[in-house]
Amino acid sequence: MAEAHKHPSYMAIFWYLAILTVIELIVIYLPLAKFTIGVLLCALALGKAALVAMYFMHLRFETRTLGWIAITPLVIATLLVFVLLPDGFAVLKTTEDSRKPAAAAPAKH
Amino acid sequence: MTAATVHSAVHSAVEPAETPLTPQSWGKLGMWIFLAGDAVGFGTLLAGYGAMRATSGDWPNPYQVLGINLTALMTFLLICSSVTMVKALEWLGRGDRTRAIQFLFFTALGGTIFVSLQAYEWSHLIHRGLHINQNPWGATLFGTSFFLVTGFHGLHVTGGVIYLLSMIRYVANRPQAAASYNAVEISGLYWHFVDLVWIMVFTFMYLL
């Protein structure tokens, strides 16, 4: 009985994951702003990842140490996005600048 | 000193020094640290993908060129194989090694079918002109990042299948189910991680 309490029904988790995947497939065709769809998809993906980590990987029943280890890469990857953003904007500016003369003189090619 | 006394000596030496941070299984802690490192690798690939995409003017709309149906099926397959993995561990916990081996085999089979479908998808896309340095629908880097990220993940699945097959041998060689429980749980952590990464890859590279 204690065992049953410790590990919730794996089939229930399976159905949650399957349903969330179907919702993801529906979301991309919804008539919403691209940004809203992106936020929704990120939230759904994080929800699915959390279900897998918490129940399939038993993180919910583990010591807190393992939880901290598991959350670290997520923090690092999120920070990495902000580290890459300035680089990205610089590249974008360069490409836009290089496109401007081409637009001004379309007959060149 | 026999091996058993060395073992107990080591234990009595370790136990007084235990803190709340000491894990129940050092192997599990080791696997989690490895997975965290691996996750940073995947995180870097996906963040790089995002940066390249955000700064590209002609990035194609992935779900319009990549064919979502097959990939959705692959996602479903990987989720199923995660379920068979937890079932294998559950049977092992109940002392049924035969059932555990059966479910480990199903898990490995799921992984094999996943990689096969990926090979089919790749050959199909390569046939349509998407190469690692060529993309008929816009930015070349789309092809580069697509093959790099899905290939890196496919390599993990392939490694996982080999890992699972070796775990079948491991369980088969140990008459007592309890003797292999910890090792199978650790291999399960790796397998679920591969599933978790695919959830991310599927969302960021196919749907977004």
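Now for a look at the structure at hand. (Residues numbered from 1 in each chain as written. Chains lettered and ligands numbered in written order. Predicted model: local features only at pLDDT ≥ 70, side-chain atom pairs only at ≥ 80, totals over all residues.)

1. Remarks on the overall build of chain B
Now for step 1: Of the regular secondary structure elements, chain B holds seven helices and zero strands.
Now for step 2: By the burial criterion, 38% of the 208 residues in chain B qualify as buried.
Now for step 3: Partitioning the intrachain contacts of chain B with sequence separation of at least 6 by distance along the chain shows that 77% fall at a separation of at least 24. (Helix = DSSP H or I, 4+ residues; strand = E, 2+ residues; numbered from the N terminus. Buried ≥ 20, exposed ≤ 12 C-beta atoms within 10 Å, placed from the backbone. Contact = placed C-beta atoms within 7 Å.)

2. Concerning the nonpolar core
Now for step 1: Core analysis: the biggest nonpolar cluster contains 66 residues, and Leu46, Ala88, Ala100, Leu104, Val197 and Val201 of chain B have the highest contact counts within it.
Now for step 2: Of all elements in the fold, only α2 (10-27), α3 (34-56) and α4 (64-104) of chain A together with α2 (26-54), α4 (68-93), α5 (97-127), α6 (140-172) and α7 (177-207) of chain B reach the threshold of two or more residues within this core.
Now for step 3: With 17 residues, the top contributor of residues to this core is α7 of chain B.
Now for step 4: Inspection of this core shows a minimum of three residues originating in each of domain 1 (1-61) and domain 2 (63-109) of chain A.
Now for step 5: Beyond its immediate sequence surroundings of up to four residues, Leu104 of chain B is in contact with Ala88, Leu164, Met167, Ile168 and Val171 of chain B. (Core = buried A, V, L, I, M, F, W, Y, C linked by C-beta atoms within 7 Å. Domains from an automatic or database assignment.)

3. What to know about the packing of α4 of chain B against α5 of chain B
Residues and elements named next belong to chain B.
Now for step 1: Contact geometry of α4 with α5 gives a least axis separation of 8 Å together with a crossing angle of 165°. Judged by the inter-axis angle, α4 sits roughly antiparallel to α5. The chirality of how α4 crosses α5 is left-handed. (Axes fitted to C-alpha atoms, helices over the stretch in contact; angles between N-to-C directions. Parallel < 35°, antiparallel > 145°, perpendicular 65-115°, else oblique. Left-handed = near helix turned anticlockwise from the far one by under 90°.)

4. Observations regarding unusual backbone geometry
Now for step 1: At His58 of chain A, a position not held by glycine, the phi torsion is positive, near 60°.
Now for step 2: Judged by C-beta crowding, with 19 C-beta atoms within 10 Å, His58 of chain A ranks as partly exposed.

5. Thoughts on the interface of chain B and chain A
Much of the literature gives interface size as the accessible area that the parts lose upon coming together.
Now for step 1: Across the contact, 35 residues belong to chain B and 34 residues belong to chain A.
Now for step 2: Only α2, α4 and α7 of chain B provide two or more residues apiece to the side of chain B that touches chain A.
Now for step 3: In terms of residue count, α2 of chain B provides more of the side of chain B that touches chain A than any other element does, twelve residues in total.
Now for step 4: Tallied by class, the residues present in the side of chain B that touches chain A amount to 24 nonpolar, nine polar and two charged. (Nonpolar A, V, L, I, M, F, W, Y, C, P; charged D, E, K, R; others polar.)

Don't take any of this as a statement about function, it's just geometry.
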